[in-house]
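Understanding the architecture of this molecule
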Amino acid sequence: MKHNRSAIALLITLMFVIVITVAIAYGLKQVNDATKIVKEENFLYQKSIIVEDILNILKNSPELQASVENNSSANFFRLLSQASFIPFEYEGIEIFLSMKSARAKFNPAMLDEPKVTLLRQYLSNHNVNSQYVDILLDNIRGIKEDNSYNSNIFDENPYLFRDYIASTKHLEIINDYYTKEYNDNSLEDIDFNALFYYGSNTNISIDINYATPEVWEFMLNCSRNRAEFLSAGGGYYTSFEDLNLNDDEKEILTKNFKSSFFEPIIEINLEITLNGQHSKMSFEYDIKKKKGSNFAYEI
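Residues numbered from 1 in each chain as written. Predicted model: local features only at pLDDT ≥ 70, side-chain atom pairs only at ≥ 80, totals over all residues. Heavy atoms only, no water.

Most of helix H5 (residues 131–138) is tucked away: seven of the eight residues are buried. The complete set of buried residues in H5 reads Tyr132, Val133, Asp134, Ile135, Leu136, Leu137 and Asp138. Buried residues along H5 sit against helix H4 (113–125), helix H6 (153–156), helix H7 (168–182) and helix H8 (192–195). (Buried < 20%, exposed > 50% of the residue type's maximum accessible area, 1.4 Å probe, protein only. Helix = DSSP H or I, 4+ residues; strand = E, 2+ residues; numbered from the N terminus. Contact = heavy atoms within 4.5 Å.)

Dropping the structure here:
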């Protein structure tokens with residue numbers, strides 16, 4: 001009997017130790033989680049301060065203002081060429097800033113029938129099934145009450161955004177669906193980040209001086225060599241005569257696309273590192289209006 005009591009007492013003690021151990025472990029986990037949250041919140045706060053400071057620098061920069069005086073595409077090009085990459089430190093935070101034109105690409109939210117035809121041709125030249133365009137259209141034309149979509153992408157991704165292409169990750173979901181649905185890896189041969197502008201703004205023009213080879217190839221339905229040639233000449237175009245387009249190319253471009261030779265809107269990309277934590281941020285800045293927009297954060 002005495003032996004049984006000792007065994008029971010030992011079992012109770014053991015259970016008590018286990019409970020205390022679990023409680024301590026849970027408590028430590030809560031502390032670690034709370035510490036992590038505090039660090040992340042502090043990092044987010046610091047990032048917002050950095051963006052505010054950078055916006056103030058941009059607003060008060062005489063170099064930026066000088067680059068848009070007289071609507072000179074050459075001055076603007078010179079600025080972006082000289083200040084495209086800027087590494088610096090900010091109160092112990094390592095920051096890598098890059099600056100480029102925010103109007104070098106095409107927003108798929110602006111697709112209409114003529115542009116859809118051109119996009120199908122562009123993709124066909126890269127061995128991509130034309131159904132990809134139908135899937136893309138599903139993701140920019142909003143919710144349909146009658147469920148009359150071109151594809152079944154929303155069966156697998158019911159909460160997928162469908163008003164416009166919001167980000168690189170959004171497009172990756174679309175591309176993954178196409179790749180699996182058609183057992184086709186041909187999308188890997190296309191640099192969509194050089195082709196597409198992500199966002200809701202459809203009141204934008206493509207800056208001819210910064211259009212990427214992918215955009216030229218899409219807009220003119222031309223060869224890759226021709227597209228690279230036109231892109232390489234960017235920076236000093238001031239009129240269509242400077243482009244030396246043939247009649248067909250000029251008609252396609254002027255009839256189907258909003259284009260410009262001077263769009264002083266820059267895309268600012270930030271890579272931020274603090275205590276082993278890495279983050280990316282981007283936004284657009286309109287030099288003339290001195291206004292930032294289209295802010296995006298990636299932790």
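So much for the structure itself; the text now carries on.
Turning to the pairing of strand E5 (residues 265–274), a few remarks are in order. Of all 10 residues that make up E5, seven are buried, and the element is covered over most of its length. With eight bridges connecting them, strand E2 (residues 93–101) and E5 associate as antiparallel partners. The residue of E5 that forms the bridge with serine 101 is isoleucine 266. Here 10 bridges tie E5 to strand E6 (residues 277–286), and the two strands are oriented antiparallel to one another. (Pairing = 2+ DSSP bridges.)

Turning to the side chain of glutamate 267, a few remarks are in order. Here glutamate 267 is to be found in strand E5. Within the structure, the side chain of glutamate 267 is placed 2.9 Å from the side chain of asparagine 269, a separation counted as a polar contact. Excluding residues within four positions of it along the chain, glutamate 267 makes contact with Ser98, Met99, Lys100, Ser101, Ala102, Lys105 and Phe283. (Polar contact = N/O pair within 3.5 Å; in protein donor to acceptor, adjacent residues only side chain to side chain.)

This part takes up the pattern of salt bridges. Applying the stated criterion to the full structure yields eight salt bridges. A salt bridge links aspartate 134 to arginine 120; the shortest N-O distance between them is 2.9 Å. Taken together, the positions of aspartate 134 in helix H5 and arginine 120 in helix H4 put the pair 14 residues apart, joining distant regions of the chain. Accessibility expressed as a relative area gives 26% for arginine 120, which makes it partly exposed. (Salt bridge = Lys/Arg side-chain N within 4 Å of Asp/Glu carboxyl O.)

Even without being glycine, asparagine 70 reaches a positive phi, approximately 65°. Locating asparagine 70 in the fold gives a position in the loop between helix H2 (62–68) and helix H3 (73–82). With a relative accessible area of 75%, asparagine 70 lands in the exposed category.

Our focus in this paragraph is the packing of helix H9 (residues 213–220) against helix H10 (residues 224–232). The N-to-C vectors of H9 and H10 enclose an angle of 120°; their axes lie 8 Å apart at closest approach. In terms of orientation, H9 lies oblique with respect to H10. Crossing angle aside, the handedness with which H9 passes H10 is right-handed. In this structure, H9 contributes Pro213, Glu214, Trp216, Glu217 and Leu220 to the contact, and H10 contributes Arg224, Ala227, Glu228, Leu230 and Ser231. Considering only residue class, the contact of H9 with H10 consists of five nonpolar, one polar and four charged. (Axes fitted to C-alpha atoms, helices over the stretch in contact; angles between N-to-C directions. Parallel < 35°, antiparallel > 145°, perpendicular 65-115°, else oblique. Left-handed = near helix turned anticlockwise from the far one by under 90°. Nonpolar A, V, L, I, M, F, W, Y, C, P; charged D, E, K, R; others polar.)

Quick look at the nonpolar core now. Note that soluble globular proteins tend to have their nonpolar side chains buried in a common cluster. If you look at the biggest cluster of nonpolar residues, it comprises 49 residues, and the most contacted ones within it are Tyr132, Phe192 and Trp216. Only H4, H5, H6, H7, H8, H9 and H10 provide two or more residues apiece to this core. In contact with tyrosine 132, other than residues within four places in its own chain, are Leu123, Leu171, Ile174, Asn175, Tyr178, Leu187 and Phe192. (Core = buried A, V, L, I, M, F, W, Y, C linked by side-chain atoms within 4.5 Å.)

Here we take up the side chain of serine 186. On the secondary structure map, serine 186 appears in the loop between H7 and H8. Given the relative accessible area of 8%, serine 186 is considered buried. Here asparagine 127 takes part through its backbone oxygen, which lies 3.2 Å from a polar atom of the side chain of serine 186. Setting aside residues no more than four positions away along its own chain, serine 186 makes contact with His126, Asn127, Val128 and Tyr178.

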